[in-house]
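Working through the structure, step by step
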Amino acid sequence: MKVTLVNHSDTLGGASVVTVRLLDALRRAGVDARMVVVHKASLRSYVSQAGSAFSRKMAFLAEHARIFANNGFSYGNVFKVSIATAGLPLASHPWIKDADIVCLNWVNQGMLSIKGIEKIAAPIVWTMHDMWNMTGICHHAGDCKAFLMRCGLCPQLGSGARPDDISRRCFFAKEALYKKKNIHFVAVSNWLHDLCVQSPAMEGCDISVIPNAFPVGDFYTSPREPRFNLGLPAGPLVTMGAARLDDPIKGLDLAVEALNRLVNTNVKAVFFGALRDKQALGSLRIPYVHLGPLPQDKIAEILAHSSVVLSSSHYETLPGTLVEGLAAGAYPVAFDHGGQRDIVDHLSTGYLARYADTADLAKGIQTGIASAPDRESRHRVVAERFDSDVIARRYIDLFNSILSQK
């Protein structure tokens, strides 16, 4: 079986990380799997960078120039939406022409256009890492429900919003594509799946739920280094991490508010990831350390020292830090607002707080710290559900099913 995965990058962004994990796991399982990207940084010989530097740049500029012209000539949200009106001619790429299955992932920002996807001859499996497939142009709709009515008057377009704006036109283009092409969609969480089936664009589409792949074996439940070497304080540790901690989606202000409710306890906080606003943690009133961006081996060690792994995100399709925290035996605490329920069994393997209720989030942290440590059991649960080789097997079963129908 020849499978070609398509993603914007092999290193940049969460979708890139999990797609490469799946790629490597498929190859370990004996699948002739390759990957086509626009941005290549790894040395893998089975990852191909598509197009020339000039063609990649022109497709990127063409898409964003059109967004700029349709959002009232504002730079504010020009990179927060995607319209898929420009892209590279990937249907003619040798690895895509030769594939038995083409597995699309995050293919925006001038990588693939709607028309370009239509030209791909092989059966398509499209793994959805955010809400873009079901909306007009946004990747995360937040509280906006316009996609239920085929979009238009898009809040992301500012003064360019109209009843028949580009969000509505893109919505109709996707709807037409899905009716024309036999695409099998994969949602990485049940939360994302349940949103998909509400979208008129995806009515009648085949949608499976397969979570992202995680290298569970890279995480361990007993620390290998003393805390002193890592700059970690003594006492129960609550750890929160993200590529960018103060990304508004991550709800860092809510995490700070919840942690401040524990000011009279011996709880300490640990943060890793980038911070644009250096004062974002300035109002935190319990002892904490911010370690900045970290490689995965350091994250694994810190999580092995942690009692609780915390997520205060407003919404996420499948928050990876919770999976990694569980793999290290930590107790995950998060809002019940997204794909968290696919990871955490409330009061069994973790705590799901009422959305935006920081008192309940603080209660979850206290519950996790007080719970009897069952780190090995937590690790086993994650391995059974999220390990890369387990997820690869589920994709192989899906690919075989699609090819047998063909």
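Please refer to the structure higher up on the page.
Presented here is a report on the structure given in the accompanying data block.

What counts, and where the lines are drawn
- Residues numbered from 1 in each chain as written.
- Predicted model: local features only at pLDDT ≥ 70, side-chain atom pairs only at ≥ 80, totals over all residues.
- Heavy atoms only, no water.
- Helix = DSSP H or I, 4+ residues; strand = E, 2+ residues; numbered from the N terminus.
- Rg over C-alpha atoms; globule rule 2.2 N^0.38 Å.
- Buried < 20%, exposed > 50% of the residue type's maximum accessible area, 1.4 Å probe, protein only.
- Phe/Tyr/Trp six-rings, centres within 6.5 Å; stacked < 30°, edge-to-face > 60°.
- Lys NZ or Arg CZ within 6 Å of the ring centre and 35° of its normal.
- Patch = residues over 30% accessible without salt bridge, like charges linked within 9 Å, V, L, I, M, F, W, Y side chains within 5 Å.
- Areas by Shrake-Rupley, 256 points an atom, 1.4 Å probe, with all protein chains shown as cover.
- Salt bridge = Lys/Arg side-chain N within 4 Å of Asp/Glu carboxyl O.
- Right-handed = clockwise from strand over helix to strand, strands pointing away.
- Pairing = 2+ DSSP bridges.
- Axes fitted to C-alpha atoms, helices over the stretch in contact; angles between N-to-C directions.
- Disulfide = S-S within 2.5 Å.
- Core = buried A, V, L, I, M, F, W, Y, C linked by side-chain atoms within 4.5 Å.
- Contact = heavy atoms within 4.5 Å.
- 1 Å grid on protein atoms, 1.4 Å probe; cavity = no way out; pocket = protein on both sides within 12 Å on 5 of 7 lines; lining within 4 Å.
- Points joined across faces, edges and corners; volume = space filled by probe spheres on them.
- Nonpolar A, V, L, I, M, F, W, Y, C, P; charged D, E, K, R; others polar.
- Expected span 1.5 Å × (residues − 1).
- Arc of directions from axis to C-beta.
- Left-handed = near helix turned anticlockwise from the far one by under 90°.
- Polar contact = N/O pair within 3.5 Å; in protein donor to acceptor, adjacent residues only side chain to side chain.

1. With respect to the overall build of the protein chain
Assigned secondary structure in the protein chain consists of 13 helices and 13 strands. For a compact globule of 406 residues, the expected C-alpha radius of gyration is about 22 Å, and the protein chain comes in at 22 Å, within 12% of that figure. Once the C-alpha set of the protein chain is aligned to its principal axes, its extents read approximately 60 × 50 × 40 Å. Counting all 406 residues of the protein chain, 56% fall into the buried class.

2. As for the packing of aromatic side chains
Evaluation of the coordinates by the stated rule reveals eleven aromatic pairs. Relative to F73, the ring of F68 has its centre 5.4 Å away and its plane inclined at 85°; by these criteria the two rings are edge-to-face. Residue classification places F68 among the partly exposed residues on the basis of a relative accessible area of 21%. In textbook terms, an aromatic cluster arises when at least three aromatic residues are bridged by ring pairs, as seen for W126, W132, Y178 and F185. Across the ring face of Y220, the terminal group of R224 is positioned such that the distance to the ring centre comes to 3.6 Å.

3. Digging into a nonpolar patch on the surface
A cluster of nonpolar side chains, F54, M58 and L61, forms an exposed patch at the surface whose accessible area comes to about 320 Å². Mapped onto the elements of the fold, M58 is located in helix 2 (residues 53-70).

4. Focus on the pairing of strand 1 (residues 2-6)
Across the five residues of strand 1, four count as buried, placing the element largely inside the fold. The parallel pair strand 1 and strand 2 (residues 32-37) is bridged by helix 1 (residues 14-28), and the resulting crossover is right-handed.

5. Quick look at the sheet that holds strand 8 (residues 237-244)
Taken in spatial order, the six strands of this open sheet run 10-9-8-11-12-13, and their pairing is parallel. Whereas interior strands pair on both sides, the edge strands pair on one side only; in this sheet they are strand 10 (288-290) and strand 13 (351-353). Geometrically, the sheet is characterised by an average inter-axis angle of 20° between neighbouring strands, direction not taken into account. Pairing analysis gives three bridges linking strand 9 (residues 268-274) to strand 10, with the strands arranged parallel.

6. Structural notes on the state of the cysteines
As enumerated under the stated definition, the model contains zero disulfides in all. No disulfide involves C103; its sulfur sits 15 Å from that of C196, the nearest cysteine. For C103, a relative accessible area of 0% gives the class buried.

7. A short note on the nonpolar core
Burial of nonpolar side chains together is a common tendency in soluble globular proteins. V6, L90, L104, W126, Y178, F185 and M202 are the most contacted members of the largest nonpolar core, which has 67 residues in total. Excluding residues within four positions of it along the chain, Y178 makes contact with W126, N133, I183, F185, A201, M202 and C205. In terms of nonpolar packing, the next biggest core, distinct from the first, is built from 28 residues, V256, L259, V308 and F335 among them.

8. Section: the sheet that holds strand 3 (residues 47-49)
The parallel open sheet is built from seven strands, whose spatial order is 3-2-1-4-5-6-7. Only two strands of the sheet have a single partner each, and these edge strands are strand 3 and strand 7 (206-209). When the angles between neighbouring strand axes are averaged without regard to direction, this sheet yields 25°. Looking at chain direction, strand 6 (residues 183-187) and strand 7 are connected through four bridges and run parallel. Counterpart to A187 in the pairing with strand 7 is V209. Across the face of the sheet, helix 13 (residues 388-405) comes into contact with strand 1, strand 4 (101-104), strand 5 (124-128), strand 6 and strand 7 while running at roughly 145° to strand 5.

9. Digging into the environment of N133
For N133, the position within the fold is in the loop between strand 5 and helix 5 (166-180). A relative accessible area of 3% places N133 in the buried class. Separated by 42 residues in the primary sequence, N133 and E175 have C-alpha atoms spaced 9.5 Å apart.

10. So, empty space enclosed by the protein
One pass over the full model with this rule turns up three cavities of 30 Å³ or more. Approximately 70 Å³ is the volume attributed to the largest cavity. V18, L22, N212, A213 and Y395 are, among the 13 residues lining the largest cavity, the residues nearest its centre. Counting only elements with at least two residues in the lining of the largest cavity, the list comes to helix 1 and helix 13. Looking at the lining of the largest cavity element by element, the count peaks at three residues for helix 1. Taken together, the residues of the lining of the largest cavity sort by class into eight nonpolar, five polar and no charged.

11. Some points on helix 12 (residues 375-386)
Here helix 12 spans 16 Å end to end across twelve residues, near enough to the 16 Å set by a 1.5 Å rise per residue. Where helix 12 is concerned, the buried positions are R375, R378, H379, V382 and F386. The arc that holds every buried residue of helix 12, seen down its axis, measures 100°, which confines them to one face.

12. Points about the packing of helix 8 (residues 252-260) against helix 11 (residues 358-370)
In a pair of packed helices, the angle between the axes and the distance between the axes together describe the arrangement. It is at 8 Å that the axes of helix 8 and helix 11 come closest, and there the two elements cross at 65°. Crossing geometry of helix 8 relative to helix 11 is assigned as right-handed. When helix 8 is examined against helix 11, the residues L254, E257, A258 and L259 are found in contact with a partner set consisting of T358, L361, A362 and I365. Of the residues belonging to the contact of helix 8 with helix 11, the class tally is six nonpolar, one polar and one charged.

13. With respect to the environment of R169
Summarising the element assignment, R169 is placed in helix 5. Distance from R169 to A334, taken between C-alpha atoms, is 36 Å for residues 165 residues apart in sequence. Sequence-distant contacts of R169, that is, excluding residues within four places in its chain, are made with N70 and D164. Separated by 3.2 Å, the side chains of R169 and N70 make a polar contact.

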